[in-house]
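# Structural description and commentary
Listed below, chain by chain, are the residues.
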Amino acid sequence: MLHRTAFRQLARAAMVHPMNVLELTGTGLDSLTFTERASPALGARDLLVRVRAASLNYRDLAIARGEYGGYARPLVLGSDAAGEVVAVGSRVTRFAVGARVCPIDTPDWIAGAPDERTFEKRLGGPADGVFSELLCVSEDAAVATPAHLTDEEAACLAVAGVTAWQALFVLGQLCPGDVVVVQGTGGVSLFALQLARLAGAQVIALSRSATKLARMKDLGATHTVDTSATPAWDSEVLRLTHGRGADIVVDVAGGDALSRSITAARVSGLVVALGFLDGASSTLDLPAAIRRSVTVRTSSGRSRASFEALCRALTSGGVRPVIDRVFEFARAPEAFAHLATGAPFGKIVLRVGAEAR
Ligand SMILES: NC(=O)c1ccc[n+]([C@@H]2O[C@H](COP(=O)([O-])OP(=O)(O)OC[C@H]3O[C@@H](n4cnc5c(N)ncnc54)[C@H](OP(=O)(O)O)[C@@H]3O)[C@@H](O)[C@H]2O)c1
């Protein structure tokens, strides 16, 4: 590795600016390392974005721990960011210098259904991600930041927000009055709660913490279930819905909890299986699932069209993401350790480049 001073001299000679990135060099949180790279080269249809904020997702933690992806190292993690356009390529028409933007995490997914090539350039694995001071993204792979949000808030949208949007409105076709079950108090689940309430649906919120459930109630949850006191939460969902079950269960736990999601869903209901917090494999009671004719649908990634639809909804509803804590970029390893405790309520955000402002 080049000595820092030598790197800066070489970078100056080549007319590029060194920028700080957070690289994952191996496996485990100990292998998160700050390093300098040359700023990215700008293509004719690219935007150079100065990152102002980025947020952590469970995916970043799972990749760092070697539990997901198996992507080549060194890898810059991070899929969620917000920033300001500081330069544009000669053929850019969608944004101008000074625009506030959020990159989309799956740059080749504009609209419609994904195919086998859609995920090849996904930010934060396999492609380098957003935990970086500067980013070069195609103008097609960014959306305008909703004007009512700060950069810290906007940096929560690309993954957690759009995933919740897709689960409820693209896959789930949610209607007012429908019942949605959300699991836990992480990024995806809190967005699912806020968006479902915005659409006039009822929400049954699950958490392992009574304190966090009180906060879910403040955010609008119709009912709450403490899963540490009521492990058979599927029966409780049936009781609360007078035996009907939920229209949509947003399942982020996976593992054997997936079976409960199926029994908590109404006949012909939908379980959107998004995560694996409780385990990477599940044993299912197939007769129960078949009897209830439940659709279990996995989902990965998000389109720009969904991101733009989410931004319109947040703007018209004046909805703001729930942030647990903001860390300075230099303290990113601490932010990862905080995420790993499972204690946060909402998103963990990194403030990037504050000293340069
Ligand atoms: N498929 C996709 O496109 C996609 C997109 C985003 C996220 N995901 C996945 O969805 C999951 C959640 O992501 P996130 O970023 O929202 O996570 P997060 O912010 O880290 O939140 C996780 C929350 O889930 C609850 N939880 C933790 N362990 C649990 C367990 N064993 N059983 C039940 N609940 C548990 C906790 O809430 P309480 O303390 O309140 O119980 C915790 O705060 C992850 O598996 C992630 O990989 C998938």
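Thresholds applied
Residues numbered from 1 in each chain as written. Predicted model: local features only at pLDDT ≥ 70, side-chain atom pairs only at ≥ 80, totals over all residues. Heavy atoms only, no water. Core = buried A, V, L, I, M, F, W, Y, C linked by side-chain atoms within 4.5 Å. Buried < 20%, exposed > 50% of the residue type's maximum accessible area, 1.4 Å probe, protein only. Helix = DSSP H or I, 4+ residues; strand = E, 2+ residues; numbered from the N terminus. Contact = heavy atoms within 4.5 Å. pLDDT = per-residue confidence, 0-100. Pairing = 2+ DSSP bridges. Right-handed = clockwise from strand over helix to strand, strands pointing away. Near = heavy atom within 4 Å. Polar contact = N/O pair within 3.5 Å; in protein donor to acceptor, adjacent residues only side chain to side chain. Areas by Shrake-Rupley, 256 points an atom, 1.4 Å probe, with all protein chains shown as cover. Nonpolar A, V, L, I, M, F, W, Y, C, P; charged D, E, K, R; others polar. Axes fitted to C-alpha atoms, helices over the stretch in contact; angles between N-to-C directions. Parallel < 35°, antiparallel > 145°, perpendicular 65-115°, else oblique. Left-handed = near helix turned anticlockwise from the far one by under 90°. 1 Å grid on protein atoms, 1.4 Å probe; cavity = no way out; pocket = protein on both sides within 12 Å on 5 of 7 lines; lining within 4 Å. Points joined across faces, edges and corners; volume = space filled by probe spheres on them.

## Examining the nonpolar core
- Counting 49 residues, the largest nonpolar core has Leu157, Leu168, Val180, Val182, Met216 and Phe307 as the members making the most contacts within it.
- Per-element tally for this core: the top contributor is helix H4 (residues 157-171), with eight residues.
- Each residue touching Val182, except ones within four places of it in the same chain, is listed here: Ser189, Ala192, Leu193, Val203, Ile204, Ala205, Leu206, Met216 and Val250.
- Core analysis: the next-biggest nonpolar cluster, separate from the first, contains 41 residues, Leu24, Ala99, Ala332 and Leu339 among them.

## Quick notes on the confidence of the model for the protein
- Summing up the model confidence of the protein, the mean pLDDT is 93 and the portion of residues at 70 or higher is 94%.
- Per-residue pLDDT stays below 50 along residues 7-15; that stretch engages in ten contacts with residues further than four places along the chain or on separate chains.

## What about the pairing of strand S15 (residues 323-328)?
- Sheet analysis places S15 next to strand S16 (residues 347-351), joined by five bridges and oriented parallel. If you follow Val326 over to S16, its bridge partner there is Val349.
- With respect to chirality, the unit in which S15 leads through helix H11 (residues 332-340) into the neighbouring parallel S16 is right-handed.

## Description of the site of the ligand
- Close to the ligand lie 25 residues; Thr185, Ser207, Arg208, Lys212 and Ser299 are nearest.
- The backbone of Tyr58 places a nitrogen or oxygen atom 3.4 Å from an oxygen atom of the ligand.
- In this structure, an oxygen atom belonging to the ligand sits 3.0 Å away from a side-chain N or O atom of Arg302.
- Relative to its free-state accessible area of 930 Å², the ligand is covered by the protein chains to the extent of 87%.
- Mapped by element, the contributors of at least two residues to the shell around the ligand are H4 and helix H5 (187-198).
- Classifying every residue of the shell around the ligand by side-chain character gives ten nonpolar, eleven polar and four charged.

## Considerations on the packing of H4 against H5
- Put simply, H4 and H5 touch, their axes get as near as 8 Å, and they point 50 degrees apart. What the angle tells us is that H4 and H5 run oblique. Seen from above, H4 lies across H5 with right-handed handedness. Judged by residue contacts, Leu157, Ala160, Gly161, Thr163, Ala164, Trp165, Leu168 and Phe169 of H4 engage Gly187, Val188, Phe191, Ala192, Leu195 and Ala196 from H5.
- Of the residues belonging to the contact of H4 with H5, the class tally is eleven nonpolar, three polar and no charged.

## A look at the side chain of Thr227
- Its place among the elements puts Thr227 in the loop between strand S11 (223-226) and helix H7 (233-240).
- Judged by its relative accessible area of 18%, Thr227 is buried.
- Not counting residues up to four positions away in its chain, the partners in contact with Thr227 are Leu206, Ser207, Arg208 and Trp233.

## As for the layout of surface pockets
- By volume, the second largest pocket is sized at about 340 Å³.
- Along its surface, the second largest pocket is lined by 21 residues, and Leu123, Asp128, Leu135, Cys136 and Val137 are the ones closest to its centre.
- Among the elements of the structure, strand S1 (18-24), strand S2 (32-38) and strand S7 (134-138) are those that each provide at least two residues to the lining of the second largest pocket.
- The element contributing the most residues to the lining of the second largest pocket is S7, with five residues.
- Residue classes in the lining of the second largest pocket are distributed as 13 nonpolar, four polar and four charged.

## Quick look at the sheet that holds S1
- Strands sit in the order S2-S1-S4 across an open sheet of three strands; the sheet is antiparallel. The open sheet has two edge strands with one neighbour each: S2 and strand S4 (75-76).
- Packed onto the sheet, H11 meets S1 and S2 and runs at close to 140 degrees relative to S2.

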